[in-house]
2 protein chains.
Amino acid sequence: MPDLDDELVAANAAFYAAFEQRDLDAMSELWLHEDHVVCTHPGWASLHGWPAVSASWFALFQGDHPMQFILTKVSSTIRGDLGWVTVDENLIAGPQAQTVAAVNLFERRDGAWKLVLHVGSGIAPG
Amino acid sequence: MPDLDDELVAANAAFYAAFEQRDLDAMSELWLHEDHVVCTHPGWASLHGWPAVSASWFALFQGDHPMQFILTKVSSTIRGDLGWVTVDENLIAGPQAQTVAAVNLFERRDGAWKLVLHVGSGIAPG
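Residues numbered from 1 in each chain as written. Chains lettered and ligands numbered in written order. Predicted model: local features only at pLDDT ≥ 70, side-chain atom pairs only at ≥ 80, totals over all residues. Heavy atoms only, no water.

Asks: I would appreciate a short explanation of the packing of aromatic side chains in the present structure.
Replies: To describe a pair of aromatic rings, one takes the distance between the centres and the angle between the planes. Counted by the stated rule, this structure contains 20 aromatic pairs over all chains. On the numbers, 4.6 Å between centres and 50° between planes, the contact of A:Phe19 with A:Phe69 is tilted. Highlighted residues: A:Phe19 in helix α1 (residues 4-21) and A:Phe69 in strand β3 (residues 67-79), separated in sequence by 50 residues. What makes A:Phe69 buried here is its relative accessible area of 8%. With a centroid separation of 6.2 Å and 55° between ring planes, the pair formed by B:Phe19 and B:Phe61 is classed as tilted. One end of the pair, B:Phe19, is in helix α1 (residues 4-21); the other, B:Phe61, is in the loop between α3 (50-60) and β3 (67-79), and 42 residues separate them in sequence. (Phe/Tyr/Trp six-rings, centres within 6.5 Å; stacked < 30°, edge-to-face > 60°. Helix = DSSP H or I, 4+ residues; strand = E, 2+ residues; numbered from the N terminus. Buried < 20%, exposed > 50% of the residue type's maximum accessible area, 1.4 Å probe, protein only.)

Asks: I tried to follow the relation of the copies chain A and chain B on my own but got confused; where do I start?
Replies: Two copies of a chain can be linked by a rotation about an axis combined with a shift along that same axis. Of the two same-sequence chains, chain A is brought onto chain B (RMSD 0.0 Å, axial shift 0.0 Å) by a rotation of 180°. Overall, the copies show the geometry of a two-fold rotation axis. Distance from the rotation axis, computed per C-alpha, reaches its smallest value in chain A at A:Ser121: 2.3 Å. The fraction of interface residues of chain A whose copies in chain B are also interface residues reaches 100%, indicating that both copies meet through the same surface. (Least-squares fit on C-alpha atoms with pLDDT ≥ 70 in both. Contact = heavy atoms within 4.5 Å.)

Asks: How do you make sense of the interface of chain A and chain B when you look at a structure like this?
Replies: Where interface size is quoted, it is often the accessible area lost as the parts come together. In this complex, chain A contributes 30 residues to the contact, which on the side of chain B involves 30 residues. Between chain A and chain B lies a buried interface of about 2,200 Å² when both sides are counted; carbon and sulfur atoms form 63% of it. Counting across the chain A and chain B interface gives two salt bridges. Between B:Arg79 and A:Glu107 there is a salt bridge, and its shortest N-O distance comes to 2.9 Å. (Buried area = accessible area lost by both parts, 1.4 Å probe. Salt bridge = Lys/Arg side-chain N within 4 Å of Asp/Glu carboxyl O.)

Asks: Before we go on, may I ask you to explain the sheet that holds strand β5 (residues 96-109) of chain A in this structure?
Replies: Adjacent strands of a sheet pair through backbone hydrogen bonds, lying either parallel or antiparallel. All names here are of chain A. Ordered by their spatial adjacency, six strands build an open sheet running β2-β1-β6-β5-β4-β3, and the pairing between neighbours is mixed. At either margin of the open sheet sits one strand with a lone partner, and together these are β2 (47-48) and β3. Each of β3, β4 (82-93), β5 and β6 (112-122) is contacted by α1, which is oriented at about 155° to β3, the strand it contacts most. (Pairing = 2+ DSSP bridges. Axes fitted to C-alpha atoms, helices over the stretch in contact; angles between N-to-C directions.)

Asks: Any chance you could explain α1(A) here in plain terms?
Replies: Residue pairs spaced three or four apart in an α-helix point in one direction, given the helix's 3.6 residues per turn. Residue and element names in this part refer to chain A. Along its 18 residues, α1 runs 25 Å from first to last C-alpha, staying within 8% of the 26 Å computed at 1.5 Å per residue. The complete set of buried residues in α1 reads Leu 8, Ala 11, Asn 12, Phe 15, Tyr 16, Ala 18 and Phe 19. Looking down the long axis of α1, one finds its buried residues gathered within 160° of arc, a one-sided arrangement. Exposed residues pointing more than 90 degrees away from the buried face of α1 are listed as Asp 6 and Gln 21. Among the structural elements, α2 (24-30), α3 (50-60), β3, β4, β5 and β6 are those in contact with the buried residues of α1. The backbone nitrogen of Asp 5 has a side-chain oxygen 2.8 Å away, supplied by the residue at the start of α1, namely Asp 3. (Expected span 1.5 Å × (residues − 1). Arc of directions from axis to C-beta. Polar contact = N/O pair within 3.5 Å; in protein donor to acceptor, adjacent residues only side chain to side chain.)

Asks: In this structure, what is going on with the pattern of salt bridges? I would like to understand it.
Replies: It is possible for side chains of opposite charge to pair when their charged atoms get near one another. By the definition in use, this model includes twelve salt bridges over all chains. One salt bridge in this structure joins A:Arg109 and A:Glu34, with 2.7 Å as the shortest N-O distance. Taken together, the residues A:Arg109 in strand β5 and A:Glu34 in the loop between α2 and β1 (38-40) connect sequence positions 75 residues apart. Here A:Arg109 falls in the partly exposed class, since its relative accessible area comes to 29%. The network of salt bridges with shared partners includes A:Glu34, A:Glu107, A:Arg109 and B:Arg79.

Asks: I'm lost on the sheet that holds β3(B) in this one. Help?
Replies: Residue and element names in this part refer to chain B. Pairing within the open sheet is mixed, and its six strands lie in the order β2-β1-β6-β5-β4-β3. With partners counted over all chains shown, the strands left at the sheet margins are β2 (47-48) and β3, one partner each. Two strands pair when backbone bridges link them, and strand β1 (residues 38-40) and strand β6 (residues 112-122) are joined in this way by three bridges, in the parallel orientation. Residue pairing across strands places Val 38 opposite Leu 117, the latter belonging to β6. Contacts from α1 reach β3, β4 (82-93), β5 (96-109) and β6, with the element oriented near 155° to β3.

Structure (structure tokens):
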């Protein structure tokens with residue numbers, strides 16, 4: 001029997017791999033394509049529903065600088081078919097570095113953890 | 001039979017009422033006092049576990065300016081004993097106004113929705 005928590009953390013890692021690789025197909029595969037999904041990028045208004053969320057990934061992946069994520073403080077919780085991961089995204093994008101406190105919420109469908117909510121909140125430089 | 005979604009939205013409203021009223025007892029009653037709770041105030045690093053989260057409310061409630069929240073774009077989703085609310089917090093604190101995109105995640109325990117995660121992400125002025 002696979003460890004659900006390992007699978008959740010792996011799905012979370014796959015999200016950041018798709019982000020770094022600017023892989024729209026992989027990003028699309030990771031999300032539920034439903035109306036209740038929500039994505040809030042740092043500084044952005046919340047985006048609701050898969051069409052708006054999908055468009056934001058397309059826009060972000062056109063940026064000048066690829067992003068590299070170093071994930072720290074990864075913490076996961078599972079309740080039934082829901083699981084969430086909190087993580088610090090230590091983000092390097094070209095000349096810029098920033099740390100973003102993020103939450104990723106997943107629903108388990110047909111055995112696979114699918115993203116339904118991503119929120120990133122920029123941490124002010126200390 | 002009470003409507004679970006109404007109860008969830010009411011718990012969410014109670015959270016902002018406690019915030020406005022700087023009511024530590026009410027805020028404490030709303031949260032699960034467990035290790036897995038997470039709270040991320042805008043610009044702050046994530047706080048993990050009830051002691052750290054509780055201390056942050058104590059600190060915030062010492063601020064000079066009471067905060068007033070006008071909630072817009074309230075959207076809720078329930079899956080079993082978990083529910084989450086996304087909301088725009090239109091926040092007035094003395095001379096300052098800001099909009100924060102927030103997510104509040106609740107677990108249902110003994111029939112009551114209890115906060116386990118609050119994340120606020122400041123929306124950059126357009």
